[in-house]
Amino acid sequence: MSISVFDSERLLFTPATPDMNAIPIIFAFPNDYTVGITSLGYQIVWATLALRRDVQVSRLFTDIHEPLPTQPELLGFSVSWELDYVNILERLEFLNIPIRSVNRDDSHPLVFGGGPVLTANPEPFADFFDLVLLGDGEDLLPNLITAYQQVRTANRETKLKHLAQVPGIYVPSLYQVSYESQEGKITSIEPITADIPRIVQKQTYRGNTLSASTVVTEKAAWENIFMVEVVRSCPEMCRFCLASYLTLPFRTASLENSLIPAIEQGLTVTKRIGLLGASVTQHPEFNELLDYLSQPKYDDVRLSIASVRTNTVTVQLAETLAKRDTKSLTIAIESGSDKIRKIINKKLENEEIVQAVVNAKAGGLKALKLYGMVGIPGEESEDLEATLALMKQLKKAAPGLKLTLGCSTFVPKSHTPFQWFGVNPEAEKRLKFLEKNLRKNGIEFRPESYKWSVIQALISRGDRRVSHLLELVRGYGESLGSYRRAFKELRGQLPELDYYVYENWHLDNILPWHHLQGPLPETTLKKHLAEANSQIKKQSSCTPTAV
């Protein structure tokens, strides 16, 4: 891929001309250009830097890069997918920068990272980063640059200690983690000196102007799409959901001052608009936005919309999308079982799901994709039967509408009430059960890899000891067998795979992210967990306890 890829970009902002003494920064995405440039988060951070005169930013992907500074002072990574860590290590080597922060000196740039993966739990990657930015970049990034300017000529140690005082900036090397033994539980996580904050608080942007694309290109994975963030977070607070709990509170973009001006700007360079957010249709003025986009002057606009809440799928929504070249819609139902939905706080009834399917067909959509999950705490065989029964009911209610059930395995996520649960070892069998029974009823089933879920859980609940494992696996190749091989090789140096993946953790455990504060304190998460446990009719070994 050549430099002409950048020439095909249509920018929606005018980059600043850097000052003579501008800070040279490399901002990287650890994947191909087509993937990275489709990330709205990456676009926004890059544009934020490119609009400043006091920095000179160069972009770096795994397959292409802009001209790079010979002596960068800052190197940043936007991390959206766990297994991209392999590409982070590869890019560090490409730039002749030691993989581990402990081996870097004053001649190396400070390596920082941000994005959803690192905000959730940076600990498995902590040894690779000098700085981790926890939370929303709108305020974090300008504060990082300002603080760095104050110590730009200082030595590495002084820079790190100074930057550690900035809210939301986590410097892993300034915290000491202690364990019962090399393969035991965490006993404490403490700053190495008294002047380092004991707790690092995730930063939350609270404005009502949310993100929109800063670049549109035919080379993106979503070709020529202009993305608009309609909402941030989700008000439903399903108890397993990182996208809700980690990003609270629920925020909405102003229709008049943010959404409509952004869409109008996007339409100057493309006819494809994507509305983003975990719960787009719960924007309080969504119907007004829909009316706006339904105007005849937008008849040639192709509209895409992220997953929507099931009970907001109206005939009008389906009609608008169908007219705007959208053939399908995605809704998350999690399970066909009322019991399971109550356990996870999914405020949804089967009747609403049936109505959504009927409305989708009536509005002219050709297909509907539903998201489900197996292995949810408290799930039993009758709950799987309930999911089968619901899917059969939906097929009967809307004949001719193509139904697909995408299904994942429950994976515990940090900063959620279900972070203390482990993965259900029966989940793989349950995926196969659904696959067999749905396909013989003519319903398409797309299961997410169970093996990937195991790896995801390991990284989701991992502590710093996992970094040695990740380095080994990188050399073996990405497979579950490679992880098991690495655990065997490191036996005695960290807990077994079962501890991170399958074990239900004691409520008194010090969690790997104990020193990193999300939107809700641990006491609130435990309260929400207790409410979930009260919904589980048969208390069993799947329920974390404080005894």
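On a predicted model such as this, the values are computed, not experimentally measured, just so you know.

J.: Sorry, what's going on with the pairing of strand S9 (residues 186-191) here?
T.: The side chains of a regular strand alternate, residue by residue, between the two faces of the sheet. Summarising the sheet, strand S8 (residues 175-179) and S9 pair through five bridges and their orientation is antiparallel. Among the inter-strand pairings, Gln 176 is bridged to a residue of S9, identified as Glu 190. Linking S8 back to S9 in an antiparallel pair, the connection comprises six residues.

J.: I would appreciate a short explanation of the pattern of salt bridges in the present structure.
T.: Counted under the stated rule, the structure contains 38 salt bridges. For Arg 152, the salt bridge is made with Glu 73, and the minimal N-O distance between the two is 2.8 Å. One end of the pair, Arg 152, is in the loop between helix H6 (137-150) and helix H7 (156-163); the other, Glu 73, is in the loop between strand S3 (55-60) and strand S4 (74-78), with 79 residues separating them in the sequence. Arg 430 is the salt-bridge partner of Glu 379, the closest N and O atoms lying 2.7 Å from each other. In this pair, Glu 379 is assigned in the loop between strand S18 (367-374) and helix H14 (381-397) and Arg 430 in helix H15 (residues 427-439), connecting sequence segments 51 residues apart. As far as the burial class goes, Glu 379 and Arg 430 line up, both buried. Connected via shared salt-bridge partners are Asp 136, Glu 138, Glu 229, Arg 232 and Arg 251.

J.: How do you make sense of the packing of aromatic side chains when you look at a structure like this?
T.: Aromatic ring pairs: the centre-centre distance and the angle between the two ring planes describe each pair. Inspection of the entire model under this criterion finds 17 aromatic pairs. Measuring from ring centre to ring centre gives 5.6 Å for Phe 6 and Tyr 33, while their planes differ by 85 degrees; the resulting arrangement is edge-to-face. With Phe 6 in helix H1 (residues 4-7) and Tyr 33 in helix H2 (residues 33-36), the pair connects residues that are 27 residues apart, well separated along the chain. Taking relative accessible area as the criterion, Phe 6 reaches 9% and is therefore assigned buried. Judged by its relative accessible area of 0%, Tyr 33 is buried. Measuring from centroid to centroid gives 5.2 Å for Tyr 499 and Tyr 500, while their planes differ by 75 degrees, and the two rings are edge-to-face. Using a relative accessible area of 13% as the deciding quantity, one classes Tyr 499 as buried.

The rules we used
Residues numbered from 1 in each chain as written. Predicted model: local features only at pLDDT ≥ 70, side-chain atom pairs only at ≥ 80, totals over all residues. Heavy atoms only, no water. Pairing = 2+ DSSP bridges. Helix = DSSP H or I, 4+ residues; strand = E, 2+ residues; numbered from the N terminus. Salt bridge = Lys/Arg side-chain N within 4 Å of Asp/Glu carboxyl O. Buried < 20%, exposed > 50% of the residue type's maximum accessible area, 1.4 Å probe, protein only. Phe/Tyr/Trp six-rings, centres within 6.5 Å; stacked < 30°, edge-to-face > 60°.

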